Amino acid sequence: MTAILPAEVLEKSATVLEQLKAAGLMVVTAESCTGGLVAGALTAHAGSSAAVAGGFVTYSNAMKQAALGVPENMLAQWGAVSEQVAQSMAEGALAHAPGADIAVSLTGVAGPDGGSEAKPVGLVWFGLQRTGQPPLTQKQVFGGNRTEVRAQAVLHALQMIQDSL
């Protein structure tokens, strides 16, 4: 059986997990285009419950609103794939995850369909919220097919968590 996640993702997630544990911090994820892959990468390792509070897979706008409290008017004005929504997702995840210290969010267009000139396939917005710190957002446009875009997005999210430690 082949691994569900690429070796590079599993190696990175193991490193980030150990760093979270060493810092005594818990992370929560809020994922759209990656469908839970960041949480899956972190929880692929034994002992992950010491540093992973959980994750939200909020693929639809309705779920972003219901589970994370993303305002409907924000989604209408900016769209799900936007800096504003990525930040709101991270803030909502942190607010709804007891014990979590860090939240990372991802919302994007993994493809192969759904892209536009303004929001091309491969565009992913990331949010990171750490308790007591200002929010951080980042935008990336990844190349490749759907699987490659999602793997690159997971790696970037893991790097953002690592950089916040």
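Definitions and limits used
Residues numbered from 1 in each chain as written. Predicted model: local features only at pLDDT ≥ 70, side-chain atom pairs only at ≥ 80, totals over all residues. Heavy atoms only, no water. Pairing = 2+ DSSP bridges. Helix = DSSP H or I, 4+ residues; strand = E, 2+ residues; numbered from the N terminus. Axes fitted to C-alpha atoms, helices over the stretch in contact; angles between N-to-C directions. Buried < 20%, exposed > 50% of the residue type's maximum accessible area, 1.4 Å probe, protein only. Salt bridge = Lys/Arg side-chain N within 4 Å of Asp/Glu carboxyl O. Contact = heavy atoms within 4.5 Å. Polar contact = N/O pair within 3.5 Å; in protein donor to acceptor, adjacent residues only side chain to side chain. Expected span 1.5 Å × (residues − 1).

Enquirer: Sorry if this is basic, but what is going on with the sheet that holds strand β3 (residues 102–108) here?
Expert: Strand pairing within a sheet occurs via backbone hydrogen bonds; the two strands may be parallel or antiparallel. Taken in spatial order, the 5 strands of this open sheet run β2-β1-β3-β4-β5, and their pairing is mixed. Only two strands of the sheet have a single partner each, and these edge strands are β2 (52–57) and β5 (136–141). Each adjacent strand pair in this sheet contributes to an overall mean axis angle of 15°, direction not counted. Sheet topology note: the β3/strand β4 (residues 123–130) ladder contains 7 bridges and is antiparallel.

Enquirer: What is the right way to read the pairing of β4 from this model?
Expert: Look at any regular strand and the pattern is simple: side chains alternate between the two faces of the sheet. With 8 of its 8 residues buried, β4 lies for the most part within the structure. Residues Leu-123, Trp-125, Gly-127 and Gln-129 line one face of β4 and the alternating positions Val-124, Phe-126, Leu-128 and Arg-130 line the opposite face, and both faces are buried.

Enquirer: Help me understand the pattern of salt bridges, please; the structure alone is not making it clear to me.
Expert: Opposite charge on two side chains allows them to pair when their charged atoms are near. For the structure on display, the rule yields 1 salt bridge. With a closest N to O distance of 3.3 Å, Lys-21 and Glu-18 form a salt bridge. Here Lys-21 pairs with Glu-18, and both are found in helix α1 (residues 7–23), just 3 residues apart, close to one helical turn. By relative accessible area, Glu-18 is classed as partly exposed at 45%.

Enquirer: So what exactly am I meant to see when it comes to the environment of Met-89 here?
Expert: Assignment of secondary structure puts Met-89 in helix α5 (residues 83–95). Classification of Met-89 as buried rests on a relative accessible area of 0%. A sequence separation of 57 residues divides Met-89 from Ser-32, and the C-alpha atoms of the two residues are 9.6 Å apart. Those residues in contact with Met-89, other than ones at most four positions away along the chain, are Ala-30, Glu-31, Ser-32, Thr-58, Lys-64, Leu-68, Val-70, Ser-105, Leu-106 and Thr-107.

Enquirer: How do you make sense of the side chain of Ser-105 when you look at a structure like this?
Expert: Mapped onto the elements, Ser-105 comes out in strand β3. On the accessibility criterion, Ser-105 (0% relative accessible area) is buried. Among the polar contacts made by the side chain of Ser-105, one reaches the main-chain carbonyl oxygen of Ala-86 at a distance of 2.6 Å. For Ser-105, the contacting residues outside a window of four places in its chain are Ala-30, Ala-86, Met-89, Ala-90, Trp-125, Phe-126 and Gly-127.

Enquirer: I'm lost on helix α6 (residues 146–164) in this one. Help?
Expert: Along an α-helix, residues three or four apart share an orientation, since each turn contains 3.6 residues. Between its terminal C-alpha atoms α6 stretches 27 Å, which fits the 27 Å expected from 19 residues at 1.5 Å a residue. The backbone nitrogen of Thr-147 lies 3.0 Å from a side-chain oxygen of the residue at the head of α6, namely Asn-145.

Enquirer: Explain the environment of Lys-21 here, please?
Expert: For Lys-21, a relative accessible area of 29% puts it in the partly exposed group. Here the alpha-carbon distance between Lys-21 and Gln-159, two residues 138 residues apart in the chain, equals 16 Å. In this view, Lys-21 contacts Ala-46, Gly-47, Ala-50 and Ala-51; residues no more than four positions away in its chain are not counted. Within polar-contact distance, the side chain of Lys-21 engages the side chain of Glu-18 at 3.3 Å.

Note that all results are geometric; they support no functional claim without further evidence.
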